[in-house]
Amino acid sequence: MASTIRLSLLALGLLLLLGCATLPAGKRDPRDPWERMNRATYRFNDTFDRAIFRPVARGYRKVTPHFVQTGVSNFFDNLEYPVVMVNDLLQGQIGPFFSDTGRLLLNTTVGIGGLMDPATRVGLDKNDRDFGQTLGKWGVSTGPYLVIPILGPSDARDAVGRVGDEYSNPRHYIRDTYVDYGLALLRAIDTRARLLDAQGAIDSAYDPYAFVRNVYLQHRAFKVNGGQSADEEQQEQKLLEESEQDMPAGTAAPPPAPPPQAPPPH
């Protein structure tokens, strides 16, 4: 994971020096003051994804039995569940902390290392908390929207949160290089395979970059606040109307955002 972060920072530095992107006509989104750099990074990520990541994820999904894919997803969710538990405590969620502790213990033992999910069947719901959300609960603002090389959409607050989550993730403390990198690679493939179903909506959007940005920011606002403020909703509706006015004649408007999938801690 550390190597992935170093690669992302290096690529970001190169994009800051070399990357430029043509901005679409219309009013700029105030949440995205770094839009020119972000669009260049988005193009870099999309090119990398189309060339390598997406074909690998499709191949993985095609050749791997569904029950194995489910087991892999369960395993990583369970392995990284201490991230949720740490943020339970940081957010003062004492009841969920004990429930999540029971979930981790049950899935690790009865669930054979997390490959199965008996905790859900007995009523121990799965939670999704991270340090970026915790910072938001503490009153830290999102800051500018940010697209991170390789890692994808984020914002300034969540970029800091990723660092905190890294130190509460048990994978961070694996000292065997082959095991660490092998798990990181399998986790990345599993995560990309989970997101394949949303790819059609992104590809069919009038402006895929803006589509992903809005879905991400709405999802994070929901996690922190339980929803968006009226001002944010009005602002997004106004931006959507302006983008529709700028569309060429006969071009369909982008489809509504699907319910966002919760991203993994990493």
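These lines cover the structure that appears in this document, whether it is placed above or below. As the structure is a prediction and not an experimental result, all values here were calculated from the model.

Attention shifts here to the pairing of strand E1 (residues 145–148). Side chains Tyr145 and Val147 of E1 all project onto a buried face; the interleaved residues Leu146 and Ile148 project onto the opposite face, where all are buried too. Two strands pair when backbone bridges link them, and E1 and strand E2 (residues 152–155) are joined in this way by four bridges, in the antiparallel orientation. In the sheet register, Tyr145 faces E2, and the bridge partner there is Asp155. Where E1 hands over to E2, the hairpin turn is made up of three residues, of which Ile150 adopts a positive phi near 70°.

This part takes up the packing of helix H3 (residues 66–79) against helix H9 (residues 177–194). Two elements in contact, H3 and H9, have axes whose closest approach is 10 Å; the angle formed by their N-to-C orientations is 120°. Taken as a pair, H3 and H9 cross one another with a handedness that is left-handed. Touching Gln69, Val72, Ser73, Phe75, Phe76 and Asp77 of H3 are Leu183, Leu186, Arg187, Asp190 and Arg194, all from H9. Residue classes in the contact of H3 with H9 are distributed as five nonpolar, two polar and four charged.

For the rest of this paragraph, the subject is helix H11 (residues 208–225). Taking 1.5 Å as the rise per residue, H11 with 18 residues should run 26 Å; its terminal C-alpha atoms sit 25 Å apart, in good agreement. Along H11, 13 of the 18 residues are buried, which leaves the element largely enclosed by surrounding structure. With its phi angle positive at about 80°, Gly226 sits one or two positions after the end of H11.

All right, on to the nonpolar core then. One finds Tyr42, Tyr145, Val147, Ile202, Ala205, Tyr209, Phe211, Val212, Val215, Tyr216 and Leu217 forming the largest nonpolar core, which totals eleven residues. Mapped by element, the contributors of at least two residues to this core are E1 and H11. In terms of residues, this core owes the most to one element, H11, which gives six residues. What Ile202 contacts, discounting residues up to four positions off in sequence, is Tyr42, Pro208, Phe211 and Val212.

Along the chain, Gly111 falls in the loop between helix H5 (94–109) and helix H6 (118–121). Residue Gly111 is classed as buried on the basis of its relative accessible area, which comes to 0%. If sequence neighbours within four positions are ignored, Gly111 has contacts with Leu106, Met116 and Pro118.

With 14 residues, H3 should reach 20 Å at 1.5 Å per residue; the first-to-last C-alpha distance of 20 Å fits that figure. Of all the positions in H3, only Gln69, Gly71, Val72, Ser73, Asn74, Phe76, Asp77 and Asn78 are classed as buried.

To continue, consider the pattern of salt bridges. As enumerated under the stated definition, the model contains 27 salt bridges in all. Note that Arg39 and Glu35 form a salt bridge whose closest N and O atoms lie 2.8 Å from each other. One end of the pair, Arg39, and the other, Glu35, are both in helix H2 (residues 35–63), four residues apart, so they sit about a helical turn from each other. Neither Arg39 nor Glu35 differs from the other in exposure class; each is buried. Across the salt bridge formed by Arg39 and Asp207, the nearest N and O atoms sit 2.7 Å from each other. Of this pair, Arg39 sits in helix H2 while Asp207 is found in the loop between helix H10 (199–203) and H11, placing the two residues 168 residues apart along the sequence. Both residues of the pair, Arg39 and Asp207, belong to the buried class.

Counting across every chain of the model gives seven aromatic pairs. Ring centres 5.3 Å apart and planes at 75° place the aromatic pair Phe75 and Phe76 in the edge-to-face group. Aromatic side chains Phe131 and Trp138 sit 6.0 Å apart centroid to centroid with 90° between the ring planes, which places their arrangement in the edge-to-face category. Among the aromatic residues, those joined into a ring-pair cluster are Tyr42, Tyr145, Tyr209 and Tyr216. Seen from the ring of Tyr81, Arg103 lies directly overhead, with NZ or CZ sitting 5.7 Å from the centre.

What counts as what
Residues numbered from 1 in each chain as written. Predicted model: local features only at pLDDT ≥ 70, side-chain atom pairs only at ≥ 80, totals over all residues. Heavy atoms only, no water. Buried < 20%, exposed > 50% of the residue type's maximum accessible area, 1.4 Å probe, protein only. Helix = DSSP H or I, 4+ residues; strand = E, 2+ residues; numbered from the N terminus. Pairing = 2+ DSSP bridges. Axes fitted to C-alpha atoms, helices over the stretch in contact; angles between N-to-C directions. Left-handed = near helix turned anticlockwise from the far one by under 90°. Contact = heavy atoms within 4.5 Å. Nonpolar A, V, L, I, M, F, W, Y, C, P; charged D, E, K, R; others polar. Expected span 1.5 Å × (residues − 1). Core = buried A, V, L, I, M, F, W, Y, C linked by side-chain atoms within 4.5 Å. Salt bridge = Lys/Arg side-chain N within 4 Å of Asp/Glu carboxyl O. Phe/Tyr/Trp six-rings, centres within 6.5 Å; stacked < 30°, edge-to-face > 60°. Lys NZ or Arg CZ within 6 Å of the ring centre and 35° of its normal.

Function-wise, these values are silent; they only describe arrangement.
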